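Each chain, written out:
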Amino acid sequence: GMMLLCALGSLGASVVVSIIVARIATNFGATLRSRLFSRVQSFSLEEMGRFSTPSLITRSTNDITQVQMVIVMGLQIMVKAPITAAWAIGKISAKNWQWTFSTGSAVALLMGVIAVAMVIVIPRFKKMQQLTDDLNRVTRENLNGIRVVRAYNAEDYQEEKFGEANENLTENHLYTQRVMATMMPNIQLIMNGLSLSIYWI
């Protein structure tokens, strides 16, 4: 009964935390977009040319959304997970040294898996910004020059140009998502191994 009560309390706390984190991230994103808009409005023509319009659009939409997701993930997982791991090791350290060793090894292995995944995907995430800029640039060029494109019957050329930019962005997205998707099975495998080792001990 006490375990069930603790589980329900943990569930309720998780729901409350999710609501609070969502409000924090959304409010931060709104403030950041407002300040970014004000900043861009003060740019000179030289600065506008240096950043380019597609890049500024990406910064004010996609990039801020990514920042919001980082805040949500950070507050929900990156802060809670180390605290939970340290608390678990501290609780069992006085019980059995084999348990402590198994749990510590599992935590170290988890951190290694996450670190390897981050090293692999971070360069791709950086490249994703450039590819998103290219896609926005091609789209704006097509929309701004739609009459010229139709006048010169260049629809096929524009479709091919957009298709190439879209394909590059899609491939980059698929690569990063596949790498990130392998993290959860690996984490589950490590946790199952930890459970089996503790059961064996």
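Predicted, not measured: the structure shown is a model, and the values here were computed from it. (Residues numbered from 1 in each chain as written. Predicted model: local features only at pLDDT ≥ 70, side-chain atom pairs only at ≥ 80, totals over all residues. Heavy atoms only, no water.)

Considerations on the nonpolar core
Quick reminder of the rule: As used in this record, nonpolar core signifies buried Ala, Val, Leu, Ile, Met, Phe, Trp, Tyr and Cys residues forming a set joined through side-chain atoms within 4.5 Å. Buried residues are those whose accessible area, probed at 1.4 Å on protein chains only, stays under 20% of the maximum for their type, while exposed residues exceed 50% and partly exposed ones sit between those limits. Secondary structure elements follow DSSP: runs of H or I no shorter than four residues count as helices, runs of E no shorter than two count as strands, and numbering proceeds from the N terminus. A contact between two residues is defined here by any heavy atoms of the two lying within 4.5 Å.
Listed in full, the six residues of the largest apolar core are Met128, Leu131, Leu135, Val138, Ala165 and Leu169. Elements with a contribution of two residues or more to this core: helix H5 (97–144) and helix H7 (155–181). For this core, the leading source of residues is H5, giving four residues. Dropping the residues within four chain positions of it, Ala165 is found in contact with Leu135 and Val138.

Quick look at the packing of helix H3 (residues 53–78) against H5
Keep this limit in mind: For helices, the axis comes from a line fit to the C-alpha atoms of the stretch in contact; other axes are also lines fit to C-alpha atoms, and the angle between any two N-to-C directions lies between 0 and 180 degrees. Throughout, the term roughly parallel applies to angles under 35 degrees, roughly antiparallel to angles over 145, roughly perpendicular to angles from 65 to 115, and oblique to all others. Less than a right angle of anticlockwise turn of the near helix away from the far helix marks a crossing as left-handed, whereas a clockwise turn marks it as right-handed. Residues are sorted three ways: Asp, Glu, Lys and Arg are charged, Ala, Val, Leu, Ile, Met, Phe, Trp, Tyr, Cys and Pro are nonpolar, and all the rest, Gly among them, are polar.
At a minimum axis distance of 8 Å, the contact between H3 and H5 shows a crossing angle of 120°. Judged on the interaxial angle alone, H5 and H3 are oblique. Crossing angle aside, the handedness with which H3 passes H5 is right-handed. Across the interface between the two elements, Thr53, Pro54, Ser55, Ile57, Thr58, Arg59, Asn62 and Asp63 of H3 pack against Gln129, Thr132, Asp133, Asn136, Arg137 and Arg140 of H5. Of the residues assigned to the contact of H3 with H5, the class counts are two nonpolar, seven polar and five charged.

What to know about a negative patch on the surface
Put simply, the rule is: Patch membership is restricted to residues that have no salt bridge and whose relative accessible area is over 30%. Joining uses 9 Å for like charges and 5 Å for the nonpolar side chains Val, Leu, Ile, Met, Phe, Trp and Tyr. Each accessible area is a Shrake-Rupley estimate made with a 1.4 Å probe; only the visible protein chains count as cover when residues are assessed. Salt bridges are defined as contacts in which a side-chain nitrogen from Lys or Arg sits within 4 Å of a carboxyl oxygen from Asp or Glu. All tallies of charge rest on Lys and Arg as positive and Asp and Glu as negative; His and the ends of each chain are not included. Charged groups are reduced to one reference atom each: NZ for lysine, CZ for arginine, CG for aspartic acid, CD for glutamic acid.
Where like charges cluster on the molecular surface, the negative patch consists of Asp156, Glu159, Glu160 and Glu164. Within the secondary structure layout, Glu164 lies in helix H7.

Observations regarding the side chain of Asn172
Its place among the elements puts Asn172 in helix H7. Those residues in contact with Asn172, other than ones at most four positions away along the chain, are Arg124, Lys127, Met128 and Leu131.

Re the pattern of salt bridges
This model, assessed by the stated rule, comprises five salt bridges. In this structure, Arg59 and Asp63 form a salt bridge, with 3.0 Å as the shortest nitrogen-oxygen distance. Separated by four residues within a single helix, Arg59 and Asp63 lie in helix H3, roughly one turn from each other. Among the salt bridges present, the one from Lys161 reaches Glu141, with a minimum N-O distance of 3.0 Å.

A closer look at the confidence of the model for the protein
Put simply, the test is: Known as pLDDT, the predictor's confidence for each residue is given on a scale from 0 to 100.
The predicted model of the protein averages 81 in pLDDT, with 90% of residues at 70 or higher. By mean pLDDT, helix H8 (residues 183–200) is the weakest element of the protein at 66, and helix H1 (residues 2–41) is the strongest at 88.

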